[in-house]
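# Observations on the three-dimensional arrangement
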Amino acid sequence: MRLQGKKTLITGAGSGIGKSSALLFAKEGAVIAVNDISEEHGQQTVAEIKEAGGEAFFAGADVTDPDSVAAMVSKVIGELGAIDVLFNNAGISGVGALHEVEPDVWDKVMNVNIRGVYLPSKYVLPHMMERRSGSIINMSSCIAEIGLARRASYAATKGAVLALTKSMQVDYAPYNIRVNALLPGTILTPFVENYLRTSYEDPEAGIEGIKKRQLSGDLGRPEDVAKAALFLASDESSFMMGSPLYIDGGVVFGKNA
Ligand code: NAP
């Protein structure tokens, strides 16, 4: 029970890494406010947590919309009285070299991936500051550290999230709030399945290429990232502040052949 009683809000927890983290955190004793833009997917996560004997409820919102996020945070505070852990996980992919990306697509990727970290943090932080306690986990990506083909908009957002994490940490350290970032490599989730479909003529060949890129020789699984998020959420990481945590099968620091 590494998160016993921790009141936790996870964005984008209806799928992939967010869902896996919600299930794992609940198993470790956290009470989970499950956010997602899709009520159906979010409620499915809530049902699975409850079936496993955990505590959770749905807290729907579009993380790009200030009114929607403010209402969600009020609801969560109303239900739980506090938020100990905020996991800013929701995100979308963006495919294309810069000249191929249309302005509306560029803006959407910026909105979900950066504004979607800014807004939940903006509304949760005053509650954490009042209690002088909290852990915020921001979802970046190893793409913040390395160039990858045809991912211009996505890379720009994940680099921004890493920079934002460090800046937030300086501002909120005096309030005993920790802010860290996760930098996963390629993890097999619906997000990546969609990315494979839209960016490779032959998705199977694409997957083989990605496997070769990672020293592990395989894609990661959502659970691999959930376990790292669990560490950052828990008091076990109390000396980690403003740090990137890599879960990337060696893609950033290693080189194949
Ligand atoms: P996923 O399976 O697509 O899950 C993302 C979830 O976020 C979905 O349930 C999605 O809902 C939700 N969402 C999207 N826009 C939202 C919004 N405006 N408001 C609230 N929820 C919203 O993706 P994933 O692979 O688990 O990715 C989770 C995070 O990890 C993302 O930030 C991603 O950039 C990051 N990441 C992933 C990988 C990877 O290889 N998978 C690697 C590095 C970083 P809908 O599906 O209903 O739209």
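Residues numbered from 1 in each chain as written. Predicted model: local features only at pLDDT ≥ 70, side-chain atom pairs only at ≥ 80, totals over all residues. Heavy atoms only, no water.

Heads up, the condition is: UniProt positions are given in the numbering used here, feature names are shortened, and annotations may be inferred rather than shown by experiment.
Within an unreviewed UniProt entry, the label attached to the protein reads NAD(P)-dependent dehydrogenase (Short-subunit alcohol dehydrogenase family), and the organism entered is Paenibacillus phyllosphaerae. In its Sequence similarities (unreviewed entry) section, UniProt records this for the protein: "Belongs to the short-chain dehydrogenases/reductases (SDR) family."

### Points about the sheet that holds strand E4 (residues 85-88)
The test is simple: Two strands are said to pair when DSSP picks up at least two bridges between them. What counts as a helix is a DSSP run of H or I of at least four residues, what counts as a strand is a run of E of at least two, and both are numbered from the N terminus. Helix axes are fitted only over the stretch in contact, all axes being lines through C-alpha atoms; the angle between N-to-C directions runs from 0 to 180 degrees. For this analysis, residues touch if any pair of their heavy atoms sits within 4.5 Å.
One open sheet holds the seven strands; their spatial order is E3-E2-E1-E4-E5-E6-E7, and the pairing between them is parallel. The strands lining the two open edges of the sheet, one partner per strand, are strand E3 (55-58) and strand E7 (244-247). Going across the sheet, the axis of each strand differs from the next one's by a mean of 20 degrees, ignoring polarity. Against the sheet, helix H4 (residues 103-131) engages strand E1 (7-10), E4, strand E5 (134-139) and strand E6 (177-184), with an angle of about 175 degrees to E4.

### Quick notes on the site of the ligand
Selection rule: To be near a molecule or strand, a residue needs just one of its heavy atoms within 4 Å of it. Throughout this description, a polar contact denotes any pair of N or O atoms lying within 3.5 Å of each other; where both atoms belong to protein, one of them has to be capable of donating a hydrogen while the other can accept it, and for residues adjacent in sequence the pair is counted only when both atoms sit in side chains. For the area figures, the Shrake-Rupley method with a 1.4 Å probe applies, and any residue is considered shielded solely by the protein chains shown. All residues other than Ala, Val, Leu, Ile, Met, Phe, Trp, Tyr, Cys, Pro, Asp, Glu, Lys and Arg, Gly among them, are scored as polar; the first ten of these are nonpolar and the last four charged.
Near the ligand, the surroundings consist of 30 residues, among which Ser-15, Asp-36, Tyr-154, Ile-187 and Thr-189 are the closest. A distance of 3.3 Å separates a nitrogen atom of the ligand from a polar atom in the backbone of Ile-37. Between Gly-185 and the ligand, the recorded distance is 3.4 Å, taken from a backbone N or O atom to an oxygen atom. Protein contacts shield 89% of the accessible area of the ligand, which totals 880 Å² for the unbound molecule. Taken together, the elements giving at least two residues each to the shell around the ligand come down to helix H1 (16-27), helix H5 (152-172) and helix H6 (190-199). Residues of the shell around the ligand, tallied by class, amount to 13 nonpolar, 14 polar and three charged.

### Here we look at the packing of aromatic side chains
Worth spelling out the cut-off: Only centres within 6.5 Å qualify two rings of Phe, Tyr or Trp (six-membered ring in Trp) as a pair; their planes then separate them into stacked at under 30 degrees, edge-to-face at over 60, and tilted for everything else. Burial classes: relative accessible area under 20% of the type maximum marks a residue as buried, over 50% as exposed, and values in between as partly exposed (1.4 Å probe, protein chains only). A ring is scored as having a charge over it whenever the NZ atom of a lysine or the CZ atom of an arginine sits within 6 Å of its centre and within 35 degrees of its normal.
For the coordinates displayed, the defined rule picks out four aromatic pairs. Ring geometry for Tyr-195 and Tyr-200: centres 6.0 Å apart, planes at 85 degrees, overall edge-to-face. Under the relative-accessibility criterion, Tyr-195 is labelled buried at 6%. Pairing Tyr-246 with Phe-253 gives two aromatic rings, centres 4.9 Å apart and planes at 75 degrees, and the pair type is edge-to-face. By relative accessible area, Tyr-246 is classed as partly exposed at 26%. Among the residues examined, Phe-253 registers a relative accessible area of 66% and is labelled exposed. In this arrangement the basic side chain of Lys-122 is found over the ring face of Tyr-123, its NZ or CZ atom lying 5.8 Å from the centre.

### Quick look at H6
Put simply, the test is: The arc in question is the one traced by the directions running from the helix axis out to the C-beta atoms.
If you check which residues of H6 are buried, you get Val-192, Tyr-195, Leu-196 and Ser-199. End-on, the buried residues of H6 take up no more than an arc of 100 degrees, which puts them together on one face. Turned more than 90 degrees away from the buried face of H6 sit Arg-197 and Thr-198, all of them exposed.

### Some words on the nonpolar core
As a reminder of what qualifies: By nonpolar core we mean a set of buried residues, namely Ala, Val, Leu, Ile, Met, Phe, Trp, Tyr and Cys, connected to one another through side-chain atoms within 4.5 Å.
Core analysis: the largest hydrophobic core is formed by 31 residues, its most contacted members being Phe-25, Ile-32 and Leu-182. Sorting the residues of this core by element identifies H1, strand E2 (31-34), helix H2 (39-51), E3, E4, E5, helix H8 (222-233) and E7 as the ones contributing at least two each. Residue contacts for Ile-32: discarding those within four places in its chain leaves Thr-8, Ile-10, Ala-22, Phe-25, Ala-26, Ile-49, Glu-55, Ala-56 and Phe-57. Core analysis: the next-biggest nonpolar cluster, separate from the first, contains 23 residues, Leu-125, Ile-136, Tyr-172 and Val-179 among them.

### Quick word on the pairing of E6
What counts here: Every crossover in which the path from the first strand over the helix to the second runs clockwise, viewed with the strands pointing away from the viewer, is termed right-handed.
Counting buried residues in E6 gives eight out of eight residues, a clear majority hidden from the surface. The alternating pattern of E6 places Ile-177, Val-179, Ala-181 and Leu-183 on one face and Arg-178, Asn-180, Leu-182 and Pro-184 on the opposite face, and all of these are buried. Bridge count for E5 against E6 is six bridges, and the pairing is parallel. From the neighbouring strand, Gly-134 faces E6, where its bridge partner is Ile-177. Taking the sense of rotation as the criterion, the β-α-β connection linking E5, H5 and E6 turns out right-handed. Note that E6 and E7 share four bridges and pair parallel. Pairing of Pro-184 across the sheet is with Ile-247, part of E7.

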